[in-house]
Amino acid sequence: MTRLVELEATGPRKLEPSDIDESKGDIAVCQCGLAESFPFCDGSHRQTDDEESETTYVYENGERSVVERVVTTDDE
Ligand code: FES
């Protein structure tokens, strides 16, 4: 399972003490790329629970699609 995600940030986001979840006492950083509150986990990773190991997905507007092929401008 892999995912294609689009990120617009061009630099780091420094974590601050105020980023700590007071109820849990930690900071959960999103690793799935789907969090609306990126870079913080918001539970959106639950959408990936049934992803298949050899498949690449893209999530757009609440819908999941399978990626068959990625074409870049360098491809012919
Ligand atoms: S790891 Fe991405 S939303 Fe939780």
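Residues numbered from 1 in each chain as written. Predicted model: local features only at pLDDT ≥ 70, side-chain atom pairs only at ≥ 80, totals over all residues. Heavy atoms only, no water.

(A) Here's a closer look at the overall build of the protein chain. The secondary structure content of the protein chain amounts to zero helices and three strands. Put simply, the protein chain runs from its N terminus to its C terminus through helices and strands in the order β-β-β. On C-alpha atoms alone, the protein chain measures out to a radius of gyration of 15 Å, which is more than a quarter above the 11 Å that the 2.2 N^0.38 rule sets for 76 residues. The principal-axis extent of the C-alpha atoms belonging to the protein chain is close to 50 × 30 × 20 Å. For the protein chain, the proportion of its 76 residues judged to be buried stands at 20%. (Helix = DSSP H or I, 4+ residues; strand = E, 2+ residues; numbered from the N terminus. Rg over C-alpha atoms; globule rule 2.2 N^0.38 Å. Buried < 20%, exposed > 50% of the residue type's maximum accessible area, 1.4 Å probe, protein only.)

(B) Seen up close, the side chain of threonine 55. By the element assignment, threonine 55 lies in the loop between β1 (2-4) and β2 (56-60). Residue classification places threonine 55 among the buried residues on the basis of a relative accessible area of 18%. Other than its neighbours up to four places away in sequence, threonine 55 contacts Met1, Thr2 and Val66. (Contact = heavy atoms within 4.5 Å.)

(C) Region of interest: the UniProt feature "domain: Iron-binding zinc finger CDGSH type" (unreviewed entry) in the protein chain. The UniProt record marks residues 10-51 with the feature "domain: Iron-binding zinc finger CDGSH type" (unreviewed entry), using the residue numbering of this structure. Secondary structure across residues 10-51 divides into 0% helix and 0% strand, with the first and last C-alpha atoms of the span separated by 29 Å. (UniProt positions renumbered as here; feature names shortened; annotations may be inferred.)

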